[in-house]
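Take a look at the letters that make up each chain.
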2 protein chains.
Amino acid sequence: MSDMNVAVVCGGVGAARLLRGFVGFVPPEQLTAIANVGDDMVLHGLHISPDLDTIVYTLADAVSAERGWGLEGETWQAMETIARYSETVSRNSDAADSGWDLDWFSLGDRDLGTHLFRTQAILGGAKLDEVTQQIVATWGLDLRLLPVTNDRLRTMVDTADHGEISFQEYFVGHQHSVPVSGVRFDGAEQATPAPGVVDALEGADRIVIAPSNPAVSIDPVLAVPGVRAILERRRDDVVVVSPIVGGKALKGPADRLLVELGREASVVGVAEWYADVVGTVVIDNVDADHAPAIEALGLKAVVTNTIMSTPDITRSLAHTTLTR
Amino acid sequence: MSDMNVAVVCGGVGAARLLRGFVGFVPPEQLTAIANVGDDMVLHGLHISPDLDTIVYTLADAVSAERGWGLEGETWQAMETIARYSETVSRNSDAADSGWDLDWFSLGDRDLGTHLFRTQAILGGAKLDEVTQQIVATWGLDLRLLPVTNDRLRTMVDTADHGEISFQEYFVGHQHSVPVSGVRFDGAEQATPAPGVVDALEGADRIVIAPSNPAVSIDPVLAVPGVRAILERRRDDVVVVSPIVGGKALKGPADRLLVELGREASVVGVAEWYADVVGTVVIDNVDADHAPAIEALGLKAVVTNTIMSTPDITRSLAHTTLTR
């Protein structure tokens, strides 16, 4: 096992949890996490990379257990100041009309330090992968974490009610409660994979797609030119852990999005979604009945416990993705 | 007194204190503070306006008494995170060489809320004067506070040791301890006065120049096209409170800068500096002996207590600038 090279295609929370299963079990130099940056945004002038930060904070045991994102022991002084300004602005309808929207995205004081650091470094000419390397080192992690690209890539969500909006406006601003008719990855065509991404995918003995949202967390990674083609070619070595368990997303709107984008909210829908790029689908015990339908698509179905509620289950799930 | 229109040309700390003397005594609709923006900078992607914030925080009784800038009751969580990143970067000499400089400028968590608000509003298309109006209102102030311009204006300081550097690099980064050979106001020629600035200066019965640093706090205000010309023409109605008392600056490097830029560090040096734009110089009792030298320059010298150590002295000094 210890001589396998592993690449993990990552969104945020689900990917971070699965990565915990790999760490210690796959040697650091043989494990590469390739992360989504389609959720990134510039807010208040700050470059925010939610999925990268969720992975780092989770692996550093610093993530807020309650929220699943951001830092434990956080304070909210900056947001309280912003909220005061927001009140003033909302009393002034002219100002409220003209894009002063302020406090819909929570930024903790400690977490702000990360965004301030990243932004300053990028303004100083550093690339996102270089900044990420410094952040990973600062949190004491021995992890090769690569943004899929250093270029600007933005997941845009088409909604009937609000037109095309950014992922964060959809996810946080509207709490993913509005129907979606399409997803687009702005900038993807012009993006190039960050240094090391292609080599990690080509050199991996196994490529694991984390149990992240297929439509808005994994698809933006695959949309970077070259990435999907590698997975298509290496399909037999690619395994996905289903983010759908018993017809529901464990977290977030993956189930609704699958339906809204023309699939069913089931492990079969997941298998269909990934059929071109994946050889194996790992599904939860509760979905064992669906294994034949997945096999009928020409994919292998592996049934195990996929709900990472304890370190043992998490490690076992990670192990399963490599051995089955 | 209450029917006089007053315009105060402001730097940061000294100006904020003098403004406290005017508030309540000159009706708000007759008082306009016109503030320096040459100290402004973009740091970590944030638009920071130190003089505007010092004025607001001081008049709101929220300024840190100990520091003279920033907020009382501040926390420093974001800076602590940044310091951790800074340590990582400084262990990596390559990174340290390439402009990752991080934690030289202290940003409190509460204060960060102001910078985040200002930056978001400006990125959303608001002008600096509009943002400032919202900030003033949020802090419960009834004050007409105008940035001298909405355009980019940057005080640049020529140093023998470090070449030309920004004001904040000089003032904070090098703690104003390096010799200065010249000062330049980048962007001034292209700047236009913010709405209301020209009207306030033209309509004022008295224009007061605050006891701020002549070279780096007041000169950038005068450098905005049109402003100096109004003061030259209205010279008889312009009064400056000397920032030099007994040959020393009360705060900061005004005394050294005067000498380095070819004047003497005295109230006479101040009078010479402002001779074209000022009719009256208010000097401290300790400098009474210099009054004849000031009068010899064709300026009126008014001798009083200029050290604003109590509200009464502050109010009396403000009163003196209008009546003498």
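Residues numbered from 1 in each chain as written. Chains lettered and ligands numbered in written order. Predicted model: local features only at pLDDT ≥ 70, side-chain atom pairs only at ≥ 80, totals over all residues.

A.B. asks: Give me the lowdown on the pairing of strand β6 (residues 154-159) of chain B, citing residues and values where you can.
C.D. replies: Residue and element names in this part refer to chain B. In the sheet, β6 pairs with strand β8 (residues 180-186) via six bridges, with the strands oriented antiparallel. Bridging from a neighbouring strand, Arg154 pairs with Asp186 of β8. In the sheet, β6 pairs with strand β7 (residues 163-166) via four bridges, with the strands oriented antiparallel. Within β7, the residue paired with Met156 across the bridge is Ser166. The antiparallel hairpin formed by β6 and β7 contains three residues in its connecting segment. (Pairing = 2+ DSSP bridges. Helix = DSSP H or I, 4+ residues; strand = E, 2+ residues; numbered from the N terminus.)

A.B. asks: Which residues make up the interface of chain B and chain A, and what values do they have?
C.D. replies: Taken together, the contact pairs 38 residues of chain B with 38 residues of chain A. Breaking the side of chain B that touches chain A down by element, the ones donating at least two residues are β4 (46-48), α3 (77-91), α5 (109-123) and α6 (128-138) of chain B. For the side of chain B that touches chain A, the leading source of residues is α5(B), giving eleven residues. (Contact = placed C-beta atoms within 7 Å.)

A.B. asks: For the relation of the copies chain B and chain A, give the residues involved together with the corresponding values.
C.D. replies: Under the fitted operation, chain B is carried onto chain A by 0.0 Å of movement along the axis and a turn of 180°, and the coordinates agree to an RMSD of 0.0 Å. Overall, the copies show the geometry of a two-fold rotation axis. Measuring from the rotation axis to each C-alpha of chain B, the shortest distance belongs to Gly45(B), at 2.5 Å. A symmetric contact is evident, with 100% of the interface residues of chain B recurring at the interface of chain A. (Least-squares fit on C-alpha atoms with pLDDT ≥ 70 in both.)

A.B. asks: Summarise helix α14 (residues 311-323) of chain B; cite the residues concerned and give the values.
C.D. replies: Residue and element names in this part refer to chain B. The end-to-end C-alpha distance of α14 is 18 Å, a good match for the 18 Å that 13 residues give at a rise of 1.5 Å each. Within α14 the residues assigned to the buried category are Thr314, Leu317, Ala318 and Thr321. One side of α14 holds all its buried residues, which, seen down the axis, span an arc of 95°. Exposed residues pointing more than 90 degrees away from the buried face of α14 are listed as Asp312 and Thr323. For α14, the elements touching its buried residues are α1 (13-22), β9 (206-209), β10 (238-241), β13 (280-284) and β14 (300-304). (Expected span 1.5 Å × (residues − 1). Buried ≥ 20, exposed ≤ 12 C-beta atoms within 10 Å, placed from the backbone. Arc of directions from axis to C-beta.)

A.B. asks: Kindly report on the sheet that holds strand β8 (residues 180-186) of chain A, identifying the contributing residues and their values.
C.D. replies: Residues and elements named next belong to chain A. Judged by pairing direction, the sheet is antiparallel, and its three strands sit side by side in the order β7-β6-β8 without closing on themselves. Bordering the open sheet on either side are β7 (163-166) and β8, each of which pairs with just one other strand. Sheet twist, expressed as the average angle between the axes of neighbouring strands with direction ignored, equals 25°. The strands touched by helix α9 (residues 214-222) within the sheet are β6 (154-159) and β8, with β8 carrying the most contacts at an inclination of about 25°. (Axes fitted to C-alpha atoms, helices over the stretch in contact; angles between N-to-C directions.)

A.B. asks: Describe in detail the sheet that holds strand β14 (residues 300-304) of chain A, supporting the description with residues and values.
C.D. replies: All names here are of chain A. Reading across the sheet, the seven strands line up as β5-β2-β1-β9-β10-β13-β14 and stay open at both edges, with parallel pairing between neighbours. Only two strands of the sheet have a single neighbouring strand rather than two, namely β5 (144-147) and β14. Strand-to-strand twist of the sheet, defined as the mean angle between neighbouring strand axes without regard to direction, takes the value 25°. Pairing between strand β1 (residues 6-10) and strand β2 (residues 31-35): five bridges, direction parallel. Bridge pairing links Val6 to Leu31 in β2.

A.B. asks: So, unusual backbone geometry: which residues are in play, and what are the values?
C.D. replies: Positive phi outside glycine occurs at Asp61(B), with the angle close to 55°. According to the C-beta neighbour criterion, Asp61(B) is exposed, with 11 such atoms within 10 Å.

A.B. asks: Pulling in residues and values, what's your account of the packing of α1(B) against α14(B)?
C.D. replies: Residue and element names in this part refer to chain B. Relative to each other, α1 and α14 sit at 80°, their axes nearing to 7 Å. Put simply, α1 runs roughly perpendicular to α14. Only Thr314, Arg315, Leu317 and Ala318 of α14 make contact with α1, whose side of the interface consists of Arg17, Leu18, Arg20, Gly21 and Phe22. Of the residues that constitute the contact of α1 with α14, the class distribution is four nonpolar, two polar and three charged. (Parallel < 35°, antiparallel > 145°, perpendicular 65-115°, else oblique. Nonpolar A, V, L, I, M, F, W, Y, C, P; charged D, E, K, R; others polar.)

A.B. asks: Now, about helix α2 (residues 50-59) of chain B: what can you tell me, with residues and values included?
C.D. replies: Here α2(B) lies mainly inside the structure; ten of its ten residues are buried. Asp61(B) sits one or two residues past α2(B) and shows a positive phi near 55°.

A.B. asks: For the environment of Ser212(B), give the residues involved together with the corresponding values.
C.D. replies: Residues and elements named next belong to chain B. Mapping Ser212 onto the fold places it in the loop between β9 and α9 (214-222). Taking the C-alpha atoms as reference points, Ser212 and Val42, separated by 170 residues in sequence, lie 23 Å from one another. Among all residues touching Ser212, those that are not within four sequence positions of it are Cys10, Gly11, Gly12, Gly14, Ala15, Ser217, Ile218 and Pro243.

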